[in-house]
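Chain by chain, the residues:
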Amino acid sequence: MSTFEQFYLGVMDEVSKIQEMTFEFDTNNIQSKSYSFHRDFVFWIELLNGRKEIVLLKNALKEFLVSQIMLTQGFYKHSFMCLRGFLEQTLFAIQLSTNEIHMHQWLANKKDVFWSSIIDPDNGLFSKSYIEAFYPNISDNTNEFSVMSREVYRECSEFVHGNFSINEHTINLEFRETTFSLWHEKADTIQLIITFSLFVRYNELINTKSLIGKSESIISEKIGYIEAVREFYDR
Amino acid sequence: MDTFFIRTEDIKLEEISEYFVETKQDREIINKIKGSSPVLLVGSRGIGKSFLLRIAEDEMLKSFELNKVLPVYITFRKASLIHTPDKNQFLSWMLSRICSDIIRQIRKKGLYVDNSVSLKYIVGEYIDNLHQKTKIEEMNEAFEDSWKKPQTTIDISTLPTVDNFVEAVEDLCTELKINRINLLIDEAAHIFIPEQQRQFFTLFRDIRSPFITVNAAVYPGVTIYGDTFQPTHDATVINYSRDVSDKNYLTQMKELVLKQADSNLAKALGARGEQFNILAYASAGNPRHLLKTIQATRNLSSLNTNNIIREYYRSDIWSEHSILAEKYSGMKNLIDWGRNFVEDTVLPELKRKNDHALKNKEKTTTYFWVSRNAPQLVQEALRILEYTGIVTGHSKGVKATKSEIGNRYCINIGCLFALESAVASSALNIVKNLTIGKMNEYGANSKAYAEIENIDFNQFDNLTENLEMQLDKSIDFLDLTTWQRGKLREVGIVTIGQVLSSSDEKIMQAYYVAEKRARQMRNSALAAVYEYLAG
């Protein structure tokens, strides 16, 4: 066996040990809770089947899966990068769905994602004008989600950019309890943002008894504390 | 959760507008401050007076090219450090401070004209350029360092008289083509030093001119205006507070916190809205109380919120009040009496009233009334309570039962919540049913004043001795986080005096982080010292 093959196999051994330590540590099963969001997301993919933005959503889901794999294997920097990608691509998909011109430009490879436009306070996905267009009843809660999105994206970006303060989490290939917990903290926030954003944009499509039944637990588990969501399901 | 900016001094001027949550009241106040009539902004510690002054400054700077009104922000927080034999030291220092800050602003704006004649009276000498330190700035520094060697005489021969100063500013405005200079004076008067109040308000009135607007932020309980200043005639007096029963109150307070929130806190604010509402009401509209209590709860859990309400509003908020008794020993008995009056009489009686009200589905209250014929010492004690924000003066000249006239006060609502065994269940009910129509009354000869007649009350005379005593005290007395104090101790800074006298490098060494953060922490430490010394 060549030296470089030995090197790569050696890495896989390390990674496998880290995975074992990760699952041993996770006595509260937070990893499986994160994994279950994968199923929740599939609900939206099935609901939106046939729409142009579906390919972005499918890619976004893959980012989320890869993020989790990277996390369990100790590739923390990359797990945060993919987690950020999950958020960005999902929200970009939603943003494109509201503008046919941009959608067509994107399909023609003439438009890229701009995070700042997604969270723009005047025209973005948490702006007053947007919320009033798609679900005005929920407008009391949008400020928190706007800040959450901005901040969690920035917090994950610290891993992407390799900020000094993040080095302790990423410098060595090893299992780190604090980093594992930190990832899940951010993942939880991102799941909340994504559920909220998908609900605001596509709530009109949840218009049959079957869909209401399927979606209620998925959505209520995350954002059921919001009165406008409870009202949606109570009517 | 990151540490919040609790004090305005911690925020850079160019970033201040990012933290601003504008209300209709705030906009009206800022517009008045920017106007040509003087404003006296009165409010308790942490309510946001400094913040409004800085927003006004920021806006005036941004519109300077159009309006030609030059804002000059001045803080008198170092007043406690002035210790010279000159009996007019405070007036001299105020003038030197104002001149120094005008020079600084002119320098920053690049407005300086070489060999300016009009600047001579303000800088204290003829100079050919403003890039070096001027005599007046040296004089100002000497005053502010006088605590290190009290009784050192400072040469004030180049200090302008008040009249010369006013004329010099007029000439300067003409030369620099400025319409006027708007002075924004913060921490303007020390509530425990009447002579300083007198001198400040005399100056406030005397330097007014078409070319100088003077605005000042003071604490409630400042009542000594000197012989020439009359509050209602010589300034617009604005009492700054927030009304918890305003329909936008919770939204505005949440916005304020969101401006500084990380993703975890933003999430908690959404998911645990009720806990936030309780803390917001408890703060009674005081952002400093709100930010500190939120910082303490960490995740806004119900258990944490209950515990923090009790700890903060039964203990921490009182510790500020009690520190005054430590610092001003001549007033200790009066300060303690005020605390006992509120804790042993006002609060329990209000709680009884509210318990009865809630049981019988009646209205609740946070108000109490004191007859204007109550002993003068009672009024003094209440003045001190207003200063620390335990009590807010609401209305004067209110007629109570038996047609007696007196003043209505509002107790800090967090202090009421802290008496509840189950804060979560009763707090929001108390707020929902509040009425101004109900108040507990304490007449001219109320039994509650029984002990007051036995109290010795004297303002302390020896400022220097008192300052020395304060500087020897531990940094535990400062309003810093446990972490910040720990960091200072690591580099051997353990007393208040050592914070003041340590070099920049030493303090920044305590916080081995990037320079930007270290500077912020240094400013926090110094701001805490000035705040402590100011009372």
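The model shown is predicted, which means the values in this text are computed figures rather than measured ones.

Thresholds applied
- Residues numbered from 1 in each chain as written.
- Chains lettered and ligands numbered in written order.
- Predicted model: local features only at pLDDT ≥ 70, side-chain atom pairs only at ≥ 80, totals over all residues.
- Heavy atoms only, no water.
- Helix = DSSP H or I, 4+ residues; strand = E, 2+ residues; numbered from the N terminus.
- Rg over C-alpha atoms; globule rule 2.2 N^0.38 Å.
- Buried < 20%, exposed > 50% of the residue type's maximum accessible area, 1.4 Å probe, protein only.
- Contact = heavy atoms within 4.5 Å.
- Areas by Shrake-Rupley, 256 points an atom, 1.4 Å probe, with all protein chains shown as cover.
- Lys, Arg positive; Asp, Glu negative; His and termini not counted.
- Charge placed at Lys NZ, Arg CZ, Asp CG, Glu CD.
- Phe/Tyr/Trp six-rings, centres within 6.5 Å; stacked < 30°, edge-to-face > 60°.
- Lys NZ or Arg CZ within 6 Å of the ring centre and 35° of its normal.
- Axes fitted to C-alpha atoms, helices over the stretch in contact; angles between N-to-C directions.
- Parallel < 35°, antiparallel > 145°, perpendicular 65-115°, else oblique.
- Left-handed = near helix turned anticlockwise from the far one by under 90°.
- Salt bridge = Lys/Arg side-chain N within 4 Å of Asp/Glu carboxyl O.
- Buried area = accessible area lost by both parts, 1.4 Å probe.
- Polar contact = N/O pair within 3.5 Å; in protein donor to acceptor, adjacent residues only side chain to side chain.
- Nonpolar A, V, L, I, M, F, W, Y, C, P; charged D, E, K, R; others polar.

J.: Teacher, can you tell me more about the overall build of chain B here?
T.: Tallying secondary structure elements over chain B gives 23 helices and nine strands in all. In terms of overall dimensions, chain B is globule-like: its C-alpha atoms have a radius of gyration of 24 Å, near the 24 Å expected for 535 residues. With respect to the principal axes defined by its C-alpha atoms, chain B has extents near 75 × 55 × 50 Å. When burial is assessed residue by residue, chain B has 58% of its 535 residues classed as buried. Restricting to contacts in chain B with at least 6 residues of sequence separation, those with at least 24 account for 74%. Within the structure as shown, chain B displays about 22800 Å² of accessible surface, and the carbon and sulfur contribution to it stands at 46%. Taken as two groups, the 67 positive and 69 negative side-chain charges of chain B have centres that lie 6 Å from each other.

J.: Would you take a moment to explain the packing of aromatic side chains for this structure?
T.: Each aromatic ring pair is described using two quantities: the centre-to-centre distance and the angle formed by the ring planes. Residues and elements named next belong to chain B. Taken as a whole, this structure holds 42 aromatic pairs over all chains when the rule is applied. Chaining the aromatic ring pairs together yields one cluster made of Phe76, Phe90, Trp93, Phe200, Phe201, Phe204 and Phe229. In this structure, arginine 54 packs its charged tip against the face of tyrosine 73, placed 4.1 Å from the ring centre. Across from the ring centre of phenylalanine 477, 5.2 Å away, lies the NZ or CZ of lysine 473, which sits over that ring.

J.: What is the right way to read the packing of helix α12 (residues 273-282) of chain B against helix α14 (residues 302-327) of chain B from this model?
T.: If you want to describe how two helices pack, look at the angle between their axes and the distance between the axes. Residue and element names in this part refer to chain B. One way to put it is that α12 packs onto α14 with a least axis distance of 10 Å and a crossing angle of 10°. By the angle between their directions, the pair α12 and α14 is classed as roughly parallel. Counted together, Gln275, Ile278, Leu279 and Ala282 of α12 and Ser302, Thr305, Ile309 and Tyr313 of α14 form the full contact between these two elements.

J.: Can you help me understand the packing of α14(B) against helix α16 (residues 376-388) of chain B in this one?
T.: Residues and elements named next belong to chain B. Two elements in contact, α14 and α16, have axes separated by 10 Å at closest approach and are oriented at 130°. As judged from the angle between their axes, α14 and α16 are oblique. Between α14 and α16 lies a crossing of right-handed hand. Along its contact with α14, which presents Trp318, Glu320, His321 and Leu324, the element α16 presents Ile384, Leu385, Tyr387 and Thr388.

J.: Would you take a moment to explain the environment of A:Thr179 for this structure?
T.: All names here are of chain A. Here threonine 179 shows up in helix α10 (residues 177-202). Since its relative accessible area comes to 0%, threonine 179 is described here as buried. In sequence terms threonine 179 and glutamate 168 are 11 residues apart; their C-alpha atoms lie 9.2 Å from each other. In this structure, threonine 179 is in contact with Tyr76, Phe80 and His169, ignoring residues within four places of it in sequence.

J.: How do you make sense of the pattern of salt bridges when you look at a structure like this?
T.: Between side chains of opposite charge, pairing is possible as soon as their charged atoms come close. All told, the structure shown has 38 salt bridges over all chains when counted by the stated rule. A salt bridge links A:Lys52 to A:Glu100; the shortest N-O distance between them is 3.5 Å. Here A:Lys52, found in the loop between α2 (30-47) and α3 (54-72), pairs with A:Glu100, found in helix α5 (residues 100-107); they are 48 residues apart in sequence, far enough to count as distant. By relative accessible area, which is 36% here, A:Lys52 ends up partly exposed. As a salt-bridge pair, B:Arg97 and B:Asp101 come within 3.2 Å of each other at their nearest N and O atoms. Residue B:Arg97 and its partner B:Asp101 are located together in helix α4 (residues 89-109), separated by four residues, close to a single helical turn. One network of salt bridges, with partners in common, ties together A:Arg150, A:Glu151, A:Arg154, A:Glu155, A:Glu158, A:Glu185 and A:Lys186.

J.: Help me out: how do you make sense of the interface of chain B and chain A in this one?
T.: Interface size is commonly expressed as the accessible area that is lost once the parts come together. With 12 residues of chain B in contact, the opposing surface of chain A contributes 14 residues. Carbon and sulfur atoms make up 52% of the surface buried where chain B meets chain A, a total of about 1100 Å² over both sides. Broken down residue by residue, the surface that chain B buries against chain A is led by B:Leu258, B:Ser263 and B:Lys267, which jointly contribute 46%. Counting the contacts that link chain B with chain A gives two salt bridges. A salt bridge links A:Glu144 to B:Lys254, with the nearest nitrogen and oxygen atoms 3.6 Å apart. Counting across the chain B and chain A interface gives five residue pairs in polar contact (both at pLDDT 80 or more). Listing elements by their share of the side of chain B that touches chain A, those giving two or more residues are α10 (249-258) and α11 (263-271) of chain B. Broken down by element, the residue count for the side of chain B that touches chain A peaks at seven residues, all from α11(B). By residue class, the composition of the side of chain B that touches chain A is five nonpolar, three polar and four charged.

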